[in-house]
Amino acid sequence: MTQNIDLNEIDKFAKLAAQWWDPNGQCKPLHIINPLRVDYIKQQSGDLNGKNVLDVGCGGGILSESLAKLAANVTAIDLAEESLMVAKLHAEQNGLLINYQKQTVEQHAEHYLAQYDVITCMEMLEHVPDPFSIINACAKLLKPNGQLYLSTINRNNKAKLMLIYGAEYIARLVPKGTHDFDRFIRPSELMDWVEHAHLAVKDIIGMEYHLLSNQFRLGRNIDVNYILMAEKNASD
């Protein structure tokens, strides 16, 4: 089976390893939006205590650790070895038990069918050759009634202006070349993939950037960054 990976993208994020946990470094945007992502997951999924959670494309473990702090049983996977080393060390230093593994979600799905109550795949789909393959594997890994959270970037001129010209070249919030406009994903495309994976779209919400306050907020504007929540049918 051909692996659904882009080695250039993996190398790009591996080079960020030393900066994952610097809230003022190149991963600053992730630290800013992370509380919003966690709040949204809690709103939609309720108490995560004792639930099996999978974080796909975990990077340095920013979201993984937040989910572990909610008493979830967290497994987190990524392909960038340097990032995983940072994630493991940081979790150990903070007394958190997280099962970090270096593998693709497709490989994980070969061994853990219907094992997870909640799966998160944040800021990753726009970095892989075949996003549907990721979603399909996540669907296989979900328990009946399990929930999948996908966050990505809308493909339109506003997103290009804000995230490529604005965030990369003007504000320099993230390194140049972080985003590839052609890989941005329209909500209609994402919803179509989710439905083809036999999941039901339950909610979609935007993460809006407010320039004056220099903050992100959850809202119904999905022009740029957005999160989709889908659920597996109880009979599947």
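Residues numbered from 1 in each chain as written. Predicted model: local features only at pLDDT ≥ 70, side-chain atom pairs only at ≥ 80, totals over all residues. Heavy atoms only, no water.

*Asks:* In this structure, what is going on with the overall build of the protein chain? I would like to understand it.
*Replies:* Counting its secondary structure elements, the protein chain contains 8 helices and 8 strands. For the protein chain, buried positions account for 51% of its 236 residues. Residue pairs in contact within the protein chain that sit at least 24 positions apart in sequence constitute 69% of those at least 6 positions apart. (Helix = DSSP H or I, 4+ residues; strand = E, 2+ residues; numbered from the N terminus. Buried < 20%, exposed > 50% of the residue type's maximum accessible area, 1.4 Å probe, protein only. Contact = heavy atoms within 4.5 Å.)

*Asks:* What is the right way to read the packing of aromatic side chains from this model?
*Replies:* Remark: the centre distance and the inter-plane angle together describe each pair of aromatic rings, the angle taken between the planes. If you walk through the whole model with that rule in mind, you get 1 aromatic pair. Measuring from ring centre to ring centre gives 5.9 Å for Tyr40 and Tyr149, while their planes differ by 85°; the resulting arrangement is edge-to-face. A residue pair is termed long-range when its members are at least 10 positions apart, and Tyr40 in helix α2 (residues 28-45) and Tyr149 in strand β5 (residues 142-153) qualify at 109 residues. Taking relative accessible area as the criterion, Tyr40 reaches 1% and is therefore assigned buried. When its relative accessible area of 0% is taken as the criterion, Tyr149 is described as buried. (Phe/Tyr/Trp six-rings, centres within 6.5 Å; stacked < 30°, edge-to-face > 60°.)

*Asks:* Help me out: how do you make sense of the UniProt feature "binding site: S-adenosyl-L-methionine" (unreviewed entry) in the protein chain in this one?
*Replies:* In this structure's numbering, the residues bearing the UniProt feature "binding site: S-adenosyl-L-methionine" (unreviewed entry) are Arg37, Gly57, Asp78 and Met122. By the element assignment, Gly57 lies in the loop between β1 (52-56) and α3 (62-68). Dropping the residues within four chain positions of it, Gly57 is found in contact with Ile77, Asp78 and Met124. Here Asp78 is to be found in strand β2 (residues 73-78). With relative accessibility at 14%, the residue Asp78 sits in the buried group. (UniProt positions renumbered as here; feature names shortened; annotations may be inferred.)

*Asks:* I'm lost on α2 in this one. Help?
*Replies:* Helical geometry note: an α-helix holds 3.6 residues per turn, so side chains three or four residues apart project in the same direction. With 18 residues, α2 extends 26 Å between its outermost C-alpha atoms, agreeing within 8% with the 26 Å of an ideal straight helix rising 1.5 Å per residue. Considering bend angle alone, the principal kink of α2 is centred on Asn34 and spans about 35°; proline Pro35 follows within four residues of it. Along α2, the residues classified as buried are Pro29, Ile33, Asn34, Leu36, Arg37, Val38, Tyr40, Ile41 and Ser45. (Expected span 1.5 Å × (residues − 1). Bend = angle between axes of the 7 residues up to and from the residue.)

*Asks:* Help me understand the environment of Leu142 in this model?
*Replies:* Assignment of secondary structure puts Leu142 in strand β5. For the pair Leu142 and Gln115, spaced 27 residues apart in sequence, the C-alpha separation works out to 6.0 Å. Aside from chain neighbours lying at most four places away, what touches Leu142 is Ala114, Tyr116, Asp117, Val118, Ile119, Gln147, Leu148, Leu199 and Lys232.

*Asks:* Teacher, can you tell me more about the pattern of salt bridges here?
*Replies:* Proximity of charged atoms lets side chains of opposite charge pair with each other. One pass over the structure, following the stated rule, counts 9 salt bridges. Taken together, the salt bridges that share partners define one network made up of Arg155, Arg186 and Glu189. (Salt bridge = Lys/Arg side-chain N within 4 Å of Asp/Glu carboxyl O.)

*Asks:* How do you make sense of the nonpolar core when you look at a structure like this?
*Replies:* Among soluble globular proteins, nonpolar side chains are generally buried collectively. Counting residues in each nonpolar core, the largest one holds 29 residues, and the members touching the most others are Val56, Val105, Ile119 and Leu150. Sorting the residues of this core by element identifies β1, α5 (105-109), β4 (116-122), α6 (131-141), β5, α8 (187-196), β6 (199-210) and β8 (225-232) as the ones contributing at least two each. For this core, the element with the most residues is α6, which contributes 6 residues. If sequence neighbours within four positions are ignored, Val105 has contacts with Leu54, Val56, Ile77, Ile134, Ala137, Cys138 and Leu141. Counting residues in hydrophobic clusters, the runner-up holds 28 residues, among them Ala72, Val74, Tyr149 and Met207. (Core = buried A, V, L, I, M, F, W, Y, C linked by side-chain atoms within 4.5 Å.)

*Asks:* Help me understand unusual backbone geometry, please; the structure alone is not making it clear to me.
*Replies:* Peptide bonds are, in most cases, trans, and in most cases residues other than glycine have a negative phi. A positive phi angle, near 55°, is found at Glu123, a position not held by glycine. Its location among the elements puts Glu123 in the loop between β4 and α6. The backbone of His198 sits at a positive phi, close to 65°, despite the residue not being glycine. On the secondary structure map, His198 appears in the loop between α8 and β6. On the basis of relative accessibility, which here comes to 60%, the residue His198 falls in the exposed class.

*Asks:* I would appreciate a short explanation of the side chain of Thr104 in the present structure.
*Replies:* Mapping Thr104 onto the fold places it in the loop between β3 (99-102) and α5. Residue classification places Thr104 among the buried residues on the basis of a relative accessible area of 7%. Once you skip the residues sitting within four places of it in the chain, Thr104 turns out to touch Gln3, Ile5, Ile77 and Leu79.

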